[in-house]
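# Descriptive structure summary
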Amino acid sequence: QVQLVESGGGLVQPGGSLRLSCAASGMIFSFNTMAWYRQAPGNQREWVASITSSGGTNYADSVKGRFTISRDNPKNMVYLQMNSLKPEDTAVYYCSTLRPNGVRAWGQGTQVTVSS
């Protein structure tokens, strides 16, 4: 059973930084591509960043150069370092991966609010 638990969200001023964490269980973590998504009120959930089993990364254009996704396979952890935060980054951030049955798994989400 795949389980994902996010943490690290909070309130931060524009230009500030925040680091999100995702603890994974119920899968062979090192085999999976992991991803971060976000969803703002009234908006669709959008993909933010991904990291492959071997450490290759990809980012949405909106966060490229500001966010960094990383993983620690021995700890079954995924991280999202967010720098130079903007008000438009305000959203609930979700950790995600694909289950063996092809259905995407989601964590419960953690709120990130960027406001002065």
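Counting of residues starts from 1 at the beginning of each chain's written sequence and follows it residue by residue. In view of the model being predicted, local features appear only for residues whose pLDDT reaches at least 70, and side-chain atom pairs are presented and counted only at 80 or more, with totals across whole chains, interfaces and linings using the full set of residues. Neither water nor hydrogens contribute to the side-chain values; these are computed over all heavy atoms in the structure.

## Describing the pattern of salt bridges
Threshold: Each salt bridge in this description consists of a side-chain nitrogen of Lys or Arg and a carboxyl oxygen of Asp or Glu lying within 4 Å of one another. Strands are runs of DSSP state E lasting at least 2 residues, helices are runs of H or I lasting at least 4, and numbering of each runs from the N terminus. Buried residues are those whose accessible area, probed at 1.4 Å on protein chains only, stays under 20% of the maximum for their type, while exposed residues exceed 50% and partly exposed ones sit between those limits.
All chains considered together, the criterion is met by four salt bridges. We note a salt bridge from Arg38 to Asp89, for which the minimum N-O separation is 2.9 Å. Taken as a pair, Arg38 in strand β4 (residues 34-39) and Asp89 in the loop between β8 (77-82) and β9 (91-98) lie far apart in primary sequence, 51 residues in all. A residue is classified by how much of its surface remains accessible, and Arg38, at 6% relative accessible area, is buried. For the salt bridge of Arg66 with Asp89, the shortest nitrogen-to-oxygen distance reads 2.8 Å. One end of the pair, Arg66, is in the loop between β6 (57-59) and β7 (67-72); the other, Asp89, is in the loop between β8 and β9, with 23 residues separating them in the sequence. Asp89 shares its class with Arg66; the two are buried. Among the charged side chains, a network of salt bridges with common partners joins Arg38, Glu46, Arg66 and Asp89.

## Concerning the sheet that holds strand β3 (residues 18-25)
Our working definition: Pairing between two strands is assigned when DSSP locates at least 2 bridges connecting them. Structural elements are reduced to axes, namely lines fitted to C-alpha atoms, with helices fitted over the stretch in contact, and the angle between N-to-C directions of any two is expressed from 0 to 180 degrees.
With antiparallel pairing, four strands are arranged side by side in an open sheet as β1-β3-β8-β7. Each edge of the open sheet is held by one strand with a lone partner, namely β1 (3-7) and β7. Geometrically, the sheet is characterised by an average inter-axis angle of 15 degrees between neighbouring strands, direction not taken into account. In this structure, β3 lies alongside β8, joined through six bridges in antiparallel fashion. Residue pairing in the sheet places Ala23 in a bridge with Met77 of β8.

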